[in-house]
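Examining the three-dimensional arrangement
One letter stands for each residue in the lines below.
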Amino acid sequence: MTSPSHGPFQAAYDLFPEHEIPFLQSAKKRLERARPYEGLKILHNIPLTMESLHKVHALLLGGAEISVTSPSFMEPKADAIAVMKAAGVPVLLANDPLPSEVDVTLDCAGELIDRVTPRIGAVELTGTGTQRYLARTDLNYPVISVDQSSVKNLEALLGTGDAFVRAFVELTGESLKARSVMLFGFGKVGQGIAHALAPSHCQVTIVETDPHKIGRASRAGYVCIDGADRASVEQAAREAFVVVTATGRKGIVSELYDPTAFRNAAYLANMGGEDEFGSAFSASEIMVEKKPINFAIDHPTQIRYLDPVFHAHNLGIELLLFANLAPGHYAFPEFIAEEITSTWQSLFNLDISSLLAQ
């Protein structure tokens, strides 16, 4: 029996087995039947990759009228652009004007906040973007943050950590085995990277300022330095093989520390949506010119970790449509996030409770 044709999206289906995308596959069937997005104008701003095509296809099946762009921290993948164009979906590149009328923005890193005012509301995917929206007190529409829910742990704790290790090895040709790694930030992304480094038996040093996160890192067995202890941070940087930033804070290294202390490291790598090394460092000094290094490889994050988060990001549209939210900031509902997370762990036989309990 032959598989059904998915039109221009067939290339994405050929790349990823359906069992790797259980949430989006299930959602596509419901959305095609119910068409809840009929007539909605949606501006979709997440990294444009072959993986994200499944997310866009679900929206199209739900009746949405979509324009697609991609965040500034990565170049959209050429093969994904080709699929979008074949499907008749406008792809807006860096200097292209954005639509003047949009019902919902599906944002990443808060990059649409100063460019588009959606009629109904916005759904933000990342911690960096959530902080940008929280900093704005003049928004006249509701914003739902997927990052402020447990479902984001699947991507950030597991997916991004795995992606960092794969990207580093692919881009440098170096092994991380028993290397000294200095990691700025022990939030979801930082914790995920530290966890992914464990099989390589790295000497991981965590730099943090949040006492709660310092305690969590210490309980997990990592060497910790308070970020306010400038001398200790700089000394550790001089001894590191690779320095990785994952704080979500723009320019933090240049702002707080002597940049010369970091130039002894063999590699400097950013894993945040912002340029966390800052103006004291040229683009050539940082891997992939200061952009998150996983987005420089063909498959930045494995789709099994993206699928539940992509699904939640899309579900935010229906929450905006039916919850009648006032302007303001809202976390993605935890009861939905917990159900998605529990189902995902059962499907993939993985348990992240030990990480969350630290």
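Scope of this entry: the structure provided in the associated data block. (Residues numbered from 1 in each chain as written. Predicted model: local features only at pLDDT ≥ 70, side-chain atom pairs only at ≥ 80, totals over all residues. Heavy atoms only, no water.)

On to the side chain of Lys 28, then. Its location among the elements puts Lys 28 in helix α2 (residues 22–34). Discounting residues that sit within four places of it in the chain, Lys 28 has contacts with Tyr 13, Ile 21, His 54, His 57, Ala 58 and Leu 61. (Helix = DSSP H or I, 4+ residues; strand = E, 2+ residues; numbered from the N terminus. Contact = heavy atoms within 4.5 Å.)

Moving on: helix α9 (residues 230–239). Residues that lie three or four places apart on an α-helix share one face, since the helix turns once every 3.6 residues. Inspection of α9 places Val 233, Glu 234, Ala 236 and Ala 237 among the buried residues, and these make up the whole buried set. Looking straight down α9, one finds that the buried residues subtend no more than 165 degrees of arc, so they occupy a single side. With respect to the buried face of α9, the exposed residues turned more than 90 degrees away are Ala 231 and Glu 239. Those residues of α9 that are buried are in contact with β6 (180–184), β7 (203–208) and β8 (223–226). (Buried < 20%, exposed > 50% of the residue type's maximum accessible area, 1.4 Å probe, protein only. Arc of directions from axis to C-beta.)

Here the focus is the pairing of strand β4 (residues 121–124). Residues Gly 121 and Val 123 line one face of β4 and the alternating positions Ala 122 and Glu 124 line the opposite face, and both faces are buried. Judged from the four bridges that link them, strand β3 (residues 104–107) and β4 form a sheet pairing that is parallel. Bridge pairing in β4 links Leu 106 to Val 123. Traced from β4 through helix α5 (residues 127–134) to strand β5 (residues 142–145), the parallel crossover comes out right-handed. (Pairing = 2+ DSSP bridges. Right-handed = clockwise from strand over helix to strand, strands pointing away.)

Let us now look at the packing of helix α6 (residues 152–172) against helix α11 (residues 303–322). The contact between α6 and α11 brings their axes to 8 Å, and the two run at 155 degrees. When the axis of α6 is compared with that of α11, the two are roughly antiparallel. As for the relative orientation of α6 and α11, their crossing is left-handed in sense. Listed contacts from α11 to Lys 152, Leu 154, Glu 155, Leu 158, Gly 159 and Asp 162 of α6 are Tyr 305, Leu 306, Pro 308 and Val 309. (Axes fitted to C-alpha atoms, helices over the stretch in contact; angles between N-to-C directions. Parallel < 35°, antiparallel > 145°, perpendicular 65-115°, else oblique. Left-handed = near helix turned anticlockwise from the far one by under 90°.)

Turning our eyes to something else, we now look at the pattern of salt bridges. Under the defined criterion, the tally for this structure stands at 17 salt bridges. Ionic pairing is found between Lys 152 and Glu 155, a salt bridge with its closest N-O pair at 3.6 Å. Of this pair, Lys 152 and Glu 155 both sit in helix α6, three residues apart, which is roughly one turn of that helix. Note on accessibility: Lys 152 and Glu 155 belong to one class, buried. Its salt-bridge partner being Arg 166, residue Asp 162 comes within 2.9 Å of it at the nearest N-O pair. Placement of both Asp 162 and Arg 166 in helix α6 is noted, with a separation of four residues, approximately one turn of the helix. Look at Arg 166 and you get partly exposed, because its relative accessible area is 27%. Several salt bridges share partner residues, and in doing so they unite Asp 147, Lys 152, Glu 155 and Lys 188 into one network. (Salt bridge = Lys/Arg side-chain N within 4 Å of Asp/Glu carboxyl O.)

Counted residue by residue, strand β1 (residues 41–45) has four buried out of five residues, so it is predominantly covered. Two strands pair when backbone bridges link them, and β1 and strand β2 (residues 65–69) are joined in this way by five bridges, in the parallel orientation. Bridged to His 44 within β2 is Val 68.

Let us look at helix α4 (residues 78–86). The set of residues buried in α4 consists of Ala 80, Ile 81, Val 83 and Met 84. Viewed along the axis of α4, the buried residues span an arc of 160 degrees, placing them on a single side of the element. Turned more than 90 degrees away from the buried face of α4, the exposed residues are Ala 78, Lys 85 and Ala 86.

Our focus in this paragraph is the sheet that holds β1. Whether parallel or antiparallel, the strands of a sheet pair through hydrogen bonds between backbone atoms. Strand order across the open sheet formed by six strands is β2-β1-β3-β4-β5-β11, with parallel pairing between neighbours. At either end of the open sheet lies a strand with only one pairing partner, and these are β2 and β11 (328–331). Adjacent strand axes in the sheet meet at a mean angle of 20 degrees, parallel and antiparallel pairs treated alike. With four bridges joining them, β5 and β11 adopt parallel strand pairing. Of the residues in β11, the one forming a bridge with Val 143 is His 329. Sitting on the sheet, α5 is in contact with β3, β4, β5 and β11, with an inclination near 145 degrees to β4.

Read these as layout, nothing more, since geometry by itself doesn't imply function.
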